[in-house]
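These are the residues of each chain, in order.
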Amino acid sequence: MQSLVAYSIPFGGLKDGIHQFDYQIDNDFFSHFPDTPISEGSFRVQVNFDKKPDVIDVQIQFDGWVKVPCDRCLEIMKMPLSSEAQLLIKFSDDFKEEVEVIYLPIGTNTWNAAQYIYEFICLAMPIRKTHDLTDEETCDTTMLSYLDQKESNPEENQIWNQLKNIKLN
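The rules behind these values
- Here, residues in each chain are numbered from 1, in the same order as that chain's written sequence.
- Residues qualify for local features only when their pLDDT is at least 70, as the model is predicted, and side-chain atom pairs are given and counted only at 80 or more; totals for whole chains, interfaces and linings, by contrast, use all residues.
- The basis for the side-chain values is all heavy atoms of the structure; hydrogens and waters are excluded.
- Each Phe, Tyr or Trp ring (for Trp, its six-membered ring) is paired with any other whose centre lies within 6.5 Å, and the angle between the two planes then decides the class: stacked below 30 degrees, edge-to-face above 60, tilted in between.
- Numbering goes from the N terminus for both helices and strands, where a helix is a DSSP run of H or I of at least four residues and a strand is a run of E of at least two.
- Exposure categories follow from relative accessible area, calculated using a 1.4 Å probe and restricted to protein chains: below 20% of the type maximum is buried, above 50% is exposed, and the middle band is partly exposed.
- A ring is considered to have a charge above it if a Lys NZ or an Arg CZ atom is located within 6 Å of its centre and within 35 degrees of its normal.
- The criterion used for residue contact is that any of the two residues' heavy atoms lie within 4.5 Å.
- A pair of strands is treated as paired once DSSP finds two or more bridges between them.
- Under this scheme, a helix contributes an axis fitted over its contacting stretch, all axes are lines through C-alpha atoms, and angles between N-to-C directions fall in the 0 to 180 degree range.

Draft legend 1. Region of the structure containing the packing of aromatic side chains. The tally for this structure, following the rule as stated, stands at 13 aromatic pairs. Aromatic side chains Tyr-7 and Tyr-23 sit 4.8 Å apart centroid to centroid with 40° between the ring planes, which places their arrangement in the tilted category. Highlighted residues: Tyr-7 in the segment before β1 (8-9) and Tyr-23 in strand β2 (residues 17-25), separated in sequence by 16 residues. According to the relative accessible area criterion, Tyr-23 is buried, its value standing at 13%. Taken together through their ring pairs, the aromatic side chains of Tyr-7, Tyr-23, Phe-29, Phe-30, Phe-33, Phe-43, Phe-62 and Tyr-118 make up a single cluster. Note that Lys-78 overlies the ring of Trp-65, its terminal NZ or CZ placed 4.5 Å from the centroid.

In C-alpha coordinates:
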(Lines give C-alpha, C1' and ligand atoms only; values in the text may rest on other atoms or scores of the structure.)
Protein backbone atom coordinates (compact mmCIF):
# COMPACT_ATOMS: atom_id res chain seq x y z
CA MET A 1 0.00 0.00 0.00
CA GLN A 2 3.06 2.23 0.01
CA SER A 3 2.30 3.49 -3.50
CA LEU A 4 -1.16 4.62 -2.34
CA VAL A 5 0.56 7.28 -0.24
CA ALA A 6 -0.25 9.73 -3.04
CA TYR A 7 -3.88 9.59 -1.89
CA SER A 8 -3.03 10.78 1.63
CA ILE A 9 -4.39 14.23 2.38
CA PRO A 10 -2.37 16.16 4.99
CA PHE A 11 -5.25 18.16 6.43
CA GLY A 12 -3.35 19.17 9.57
CA GLY A 13 -1.64 22.07 7.77
CA LEU A 14 -4.67 23.16 5.75
CA LYS A 15 -6.66 26.25 6.62
CA ASP A 16 -10.38 25.97 7.22
CA GLY A 17 -12.33 26.05 3.97
CA ILE A 18 -12.70 24.04 0.76
CA HIS A 19 -9.66 22.34 -0.77
CA GLN A 20 -9.74 20.33 -3.99
CA PHE A 21 -7.58 17.29 -4.78
CA ASP A 22 -7.61 15.72 -8.25
CA TYR A 23 -6.48 12.18 -9.05
CA GLN A 24 -6.17 10.10 -12.21
CA ILE A 25 -6.78 6.44 -11.41
CA ASP A 26 -5.76 3.55 -13.66
CA ASN A 27 -5.07 -0.21 -13.54
CA ASP A 28 -2.14 0.24 -11.14
CA PHE A 29 -4.48 1.70 -8.51
CA PHE A 30 -6.87 -1.27 -8.67
CA SER A 31 -4.01 -3.80 -8.47
CA HIS A 32 -3.38 -2.74 -4.85
CA PHE A 33 -6.71 -4.18 -3.72
CA PRO A 34 -6.88 -7.98 -3.39
CA ASP A 35 -9.77 -9.79 -5.08
CA THR A 36 -10.86 -6.63 -6.87
CA PRO A 37 -13.65 -7.01 -9.42
CA ILE A 38 -11.89 -4.35 -11.52
CA SER A 39 -8.78 -5.29 -13.45
CA GLU A 40 -8.91 -2.56 -16.05
CA GLY A 41 -10.30 0.93 -15.73
CA SER A 42 -9.59 4.64 -15.81
CA PHE A 43 -11.15 7.41 -13.72
CA ARG A 44 -10.84 11.10 -13.00
CA VAL A 45 -11.48 11.58 -9.31
CA GLN A 46 -12.09 14.88 -7.55
CA VAL A 47 -12.01 15.06 -3.76
CA ASN A 48 -13.45 18.25 -2.28
CA PHE A 49 -12.29 18.61 1.28
CA ASP A 50 -14.25 21.17 3.35
CA LYS A 51 -12.27 21.60 6.55
CA LYS A 52 -14.12 23.06 9.51
CA PRO A 53 -12.91 23.36 13.13
CA ASP A 54 -14.68 20.23 14.40
CA VAL A 55 -15.55 18.21 11.28
CA ILE A 56 -14.37 17.69 7.71
CA ASP A 57 -16.94 17.30 4.93
CA VAL A 58 -15.56 15.18 2.07
CA GLN A 59 -17.18 15.03 -1.39
CA ILE A 60 -15.79 12.40 -3.76
CA GLN A 61 -16.79 12.62 -7.44
CA PHE A 62 -15.55 10.31 -10.17
CA ASP A 63 -16.07 9.78 -13.87
CA GLY A 64 -14.52 7.05 -16.01
CA TRP A 65 -14.89 3.49 -17.23
CA VAL A 66 -14.16 -0.13 -16.34
CA LYS A 67 -13.78 -3.18 -18.54
CA VAL A 68 -16.03 -6.02 -17.43
CA PRO A 69 -17.60 -9.08 -19.07
CA CYS A 70 -21.16 -8.65 -20.24
CA ASP A 71 -23.47 -10.81 -18.11
CA ARG A 72 -25.50 -11.69 -21.21
CA CYS A 73 -22.97 -12.49 -23.94
CA LEU A 74 -19.69 -12.70 -21.92
CA GLU A 75 -17.93 -10.29 -24.28
CA ILE A 76 -15.60 -7.80 -22.57
CA MET A 77 -17.10 -4.31 -22.68
CA LYS A 78 -16.08 -0.83 -21.64
CA MET A 79 -18.73 0.34 -19.17
CA PRO A 80 -18.93 4.02 -18.18
CA LEU A 81 -19.29 4.86 -14.49
CA SER A 82 -19.75 8.14 -12.70
CA SER A 83 -21.03 8.98 -9.27
CA GLU A 84 -20.44 11.05 -6.20
CA ALA A 85 -20.43 10.32 -2.49
CA GLN A 86 -20.16 12.25 0.73
CA LEU A 87 -18.34 11.43 3.96
CA LEU A 88 -17.89 13.24 7.24
CA ILE A 89 -14.66 12.98 9.19
CA LYS A 90 -14.99 13.53 12.91
CA PHE A 91 -12.39 13.31 15.64
CA SER A 92 -12.80 11.15 18.73
CA ASP A 93 -10.77 8.69 20.79
CA ASP A 94 -13.88 6.52 21.12
CA PHE A 95 -14.52 4.38 18.06
CA LYS A 96 -18.08 4.71 16.82
CA GLU A 97 -19.59 3.08 13.79
CA GLU A 98 -21.89 5.23 11.73
CA VAL A 99 -22.88 5.25 8.09
CA GLU A 100 -20.91 7.82 6.06
CA VAL A 101 -19.01 9.03 9.14
CA ILE A 102 -15.34 8.26 9.74
CA TYR A 103 -13.89 8.72 13.20
CA LEU A 104 -10.19 9.50 13.43
CA PRO A 105 -8.24 9.69 16.68
CA ILE A 106 -7.79 13.19 18.08
CA GLY A 107 -4.48 14.61 16.86
CA THR A 108 -4.53 12.80 13.49
CA ASN A 109 -3.17 15.03 10.72
CA THR A 110 -3.59 12.94 7.55
CA TRP A 111 -6.31 10.87 5.92
CA ASN A 112 -5.84 8.43 3.04
CA ALA A 113 -8.70 8.56 0.53
CA ALA A 114 -7.62 5.51 -1.54
CA GLN A 115 -9.78 2.88 0.18
CA TYR A 116 -12.88 5.09 0.04
CA ILE A 117 -12.34 6.00 -3.63
CA TYR A 118 -11.98 2.30 -4.45
CA GLU A 119 -15.10 1.33 -2.49
CA PHE A 120 -17.24 4.06 -4.05
CA ILE A 121 -16.19 3.00 -7.55
CA CYS A 122 -17.03 -0.64 -6.77
CA LEU A 123 -20.38 0.37 -5.29
CA ALA A 124 -21.22 2.36 -8.43
CA MET A 125 -20.95 -0.77 -10.57
CA PRO A 126 -24.40 -2.15 -11.37
CA ILE A 127 -25.24 -5.68 -10.26
CA ARG A 128 -26.14 -6.71 -13.80
CA LYS A 129 -23.60 -5.53 -16.34
CA THR A 130 -24.82 -5.69 -19.93
CA HIS A 131 -24.15 -3.87 -23.17
CA ASP A 132 -27.43 -2.00 -22.64
CA LEU A 133 -25.55 0.20 -20.18
CA THR A 134 -23.06 1.39 -22.81
CA ASP A 135 -23.62 3.77 -25.68
CA GLU A 136 -21.33 2.32 -28.30
CA GLU A 137 -21.39 -1.45 -27.96
CA THR A 138 -23.90 -4.23 -28.56
CA CYS A 139 -23.99 -7.86 -27.45
CA ASP A 140 -22.29 -10.55 -29.51
CA THR A 141 -24.98 -11.60 -32.00
CA THR A 142 -23.60 -15.15 -32.28
CA MET A 143 -23.93 -15.66 -28.55
CA LEU A 144 -27.40 -14.11 -28.51
CA SER A 145 -28.61 -16.42 -31.28
CA TYR A 146 -27.28 -19.40 -29.33
CA LEU A 147 -29.08 -18.21 -26.17
CA ASP A 148 -32.32 -17.58 -28.08
CA GLN A 149 -32.18 -21.07 -29.57
CA LYS A 150 -31.74 -22.74 -26.18
CA GLU A 151 -34.41 -20.62 -24.49
CA SER A 152 -37.00 -21.15 -27.21
CA ASN A 153 -36.72 -24.95 -27.27
CA PRO A 154 -35.30 -26.35 -24.01
CA GLU A 155 -36.68 -29.86 -24.65
CA GLU A 156 -34.32 -30.28 -27.60
CA ASN A 157 -31.25 -29.22 -25.69
CA GLN A 158 -28.81 -32.13 -26.08
CA ILE A 159 -26.91 -31.24 -22.91
CA TRP A 160 -29.98 -31.86 -20.75
CA ASN A 161 -30.87 -35.03 -22.63
CA GLN A 162 -27.44 -36.48 -21.84
CA LEU A 163 -27.83 -35.60 -18.17
CA LYS A 164 -31.17 -37.43 -18.02
CA ASN A 165 -29.34 -40.67 -18.83
CA ILE A 166 -27.21 -40.48 -15.68
CA LYS A 167 -28.46 -42.93 -13.07
CA LEU A 168 -27.86 -42.37 -9.39
CA ASN A 169 -26.95 -45.29 -7.13
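Draft legend 2. Structural detail: helix α2 (residues 114-124). Of all the residues in α2, the buried ones are Ala-114, Ile-117, Tyr-118, Phe-120, Ile-121 and Cys-122. Buried residues along α2 sit against β2, α1 (27-30), β3 (41-51), β4 (55-69), β5 (76-91) and β7 (111-112).

Draft legend 3. Looking closely at the sheet that holds β3. In space, the five strands of this open sheet follow the order β2-β3-β4-β5-β6, with mixed pairing throughout. Looking at the sheet topology across the chains shown, the edges are occupied by β2 and β6 (101-104). This sheet shows a mean twist of 20° between the axes of neighbouring strands, independent of strand direction. Bridge count for β2 against β3 is nine bridges, and the pairing is antiparallel. Note on β3: the bridge partner recorded for Phe-21 is Val-47.

Draft legend 4. Inspection of the pairing of β6 at higher detail. Side chains Val-101 and Tyr-103 project from β6 onto one buried face, and the interleaved Ile-102 and Leu-104 project onto a second face that is buried too. Both β5 and β6 contribute to a ladder of four bridges, which runs parallel. What sits directly across from Phe-91, in β6, is Leu-104.

Draft legend 5. Geometry of the side chain of Thr-130. For Thr-130, the location among the structural elements is in the loop between α2 and α3 (141-152). When its relative accessible area of 5% is taken as the criterion, Thr-130 is described as buried. Not counting the four nearest positions on each side in its chain, Thr-130 is found in contact with Cys-70, Asp-71, Arg-72 and Met-77.

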